[in-house]
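Architecture and fold: a report
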Amino acid sequence: MLKHVLVSLAVLLLTACAATTQPGFPSQSPDGLQLVPDTKLAAVYMKPGADLGQYSKIALLETYVSFAKNWQRDYNEQATFENQVTDKDMQAIRAKVASEFNKEMTRVLTADGRQLVTTGGSGVLILRPAI
C-alpha cells in the first residue's frame with residue numbers, strides 16, 4: 001500500500017510542478033534575479049543579460065522536494081488509519097521523487113549530447129532543481 005501511495009504522490013507532485021504557471025511568483029528574487037516570462041517551467045529566474053551559451057557542461061545537484069504547508073496533516077485528516085502518511089513515509093516520498101526527477105533530468109539533459117559532471121568548474125552550469 002505504501003508503494004502505491006509513494007508512486008501516486010510522485011506522479012501528483014511532478015504533474016503539479018509541470019502544470020504550475022508563473023502567476024504568484026515575484027518578478028525578482030531576493031538576490032536580484034529576474035523572473036523569465038513564458039517558460040514551460042513553473043519559474044525561471046535569471047540575471048539580466050546572462051548568457052547560458054558559455055556553459056559546455058552541467059552539474060546536476062540533488063533535487064530539493066518540498067510539500068505544501070501542512071500537507072501531511074491535511075492528508076492524514078481525510079485518510080483511513082492504515083493509509084496515514086508518517087514522517088518516515090514523507091522522507092521516502094521525497095527521496096523517491098528526487099531520485100526519479102534526477103533520472104529524468106539526466107535523460108533529458110544528455111539526450112542532445114550535453115555532458116554531465118559531478119563538480120563545478122570553468123564552463124560548468126550548476127543546477128539545483130526544486131519541486
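Residues numbered from 1 in each chain as written. Predicted model: local features only at pLDDT ≥ 70, side-chain atom pairs only at ≥ 80, totals over all residues. Heavy atoms only, no water.

This next bit is on the overall build of the protein. Helix and strand counts for the protein stand at 3 helices and 5 strands. Across the protein, helices and strands are ordered from the amino to the carboxyl terminus as α-β-β-β-α-α-β-β. Considering the protein as a whole, with its 131 residues, one finds that 26% of them fall into the buried category. Contacts in the protein between residues at least 24 apart in sequence constitute 59% of all its contacts with a sequence separation of at least 6. Roughly 9300 Å² of accessible area belongs to the protein as shown, and the carbon and sulfur atoms make up 57% of that amount. (Helix = DSSP H or I, 4+ residues; strand = E, 2+ residues; numbered from the N terminus. Buried < 20%, exposed > 50% of the residue type's maximum accessible area, 1.4 Å probe, protein only. Contact = heavy atoms within 4.5 Å. Areas by Shrake-Rupley, 256 points an atom, 1.4 Å probe, with all protein chains shown as cover.)

With that out of the way, let us pick up the packing of aromatic side chains. Counting across every chain of the model gives 2 aromatic pairs. Seen in terms of ring centroids, Phe67 and Trp71 are 5.0 Å apart; in terms of plane orientation they differ by 35 degrees. Their pairing is tilted. Aromatic pair Trp71 and Tyr75: ring centres 5.1 Å apart, planes at 15 degrees, arrangement stacked. Taken together, the residues Trp71 and Tyr75, both in helix 2 (residues 71–78) and 4 residues apart, mark about one turn of the helix. Given a relative accessible area of 28%, Tyr75 falls into the partly exposed group. Through a chain of ring-to-ring contacts, the aromatic side chains of Phe67, Trp71 and Tyr75 assemble into a single cluster. (Phe/Tyr/Trp six-rings, centres within 6.5 Å; stacked < 30°, edge-to-face > 60°.)

Attention now goes to the side chain of Asp89. Mapped onto the fold, Asp89 is located in helix 3 (residues 87–110). Buried Asp89, no salt bridge; nearest opposite-charge side chain is Lys88, N-O distance 7.3 Å. In this structure the side chain of Asp89 is engaged in a polar contact, spanning 2.9 Å, whose partner is the backbone nitrogen of Thr86. (Lys, Arg positive; Asp, Glu negative; His and termini not counted. Salt bridge = Lys/Arg side-chain N within 4 Å of Asp/Glu carboxyl O. Polar contact = N/O pair within 3.5 Å; in protein donor to acceptor, adjacent residues only side chain to side chain.)

At Asn70, a position not held by glycine, the phi torsion is positive, near 65 degrees. By the element assignment, Asn70 lies in the loop between strand 3 (57–60) and helix 2.

On average, the protein scores 82 in pLDDT, and the residues at 70 or more come to 82%. Mean pLDDT across the secondary structure elements of the protein bottoms out at helix 1 (residues 2–19), with 44, and peaks at helix 2, with 94. Contacts of residues 1–21 to residues separated by more than four positions or lying in other chains number 24 contacts, the stretch itself having pLDDT below 50. (pLDDT = per-residue confidence, 0-100.)

Take the pattern of salt bridges next. In total, this model carries 5 salt bridges according to the counting rule given. Glu77 is paired through a salt bridge with Arg73; the nearest N and O atoms lie 3.8 Å apart. Placement of both Glu77 and Arg73 in helix 2 is noted, with a separation of 4 residues, approximately one turn of the helix. As a salt-bridge pair, Lys103 and Glu100 come within 3.2 Å of each other at their nearest N and O atoms. Here Lys103 pairs with Glu100, and both are found in helix 3, just 3 residues apart, close to one helical turn. A single network of salt bridges, built from pairs that share partners, joins Arg73, Asp74 and Glu77.

Moving on to the environment of Ile93. Along the chain, Ile93 falls in helix 3. Taking relative accessible area as the criterion, Ile93 reaches 1% and is therefore assigned buried. Along the backbone, Ile93 and Val65 are 28 residues apart, and their C-alpha atoms lie at a distance of 8.9 Å.

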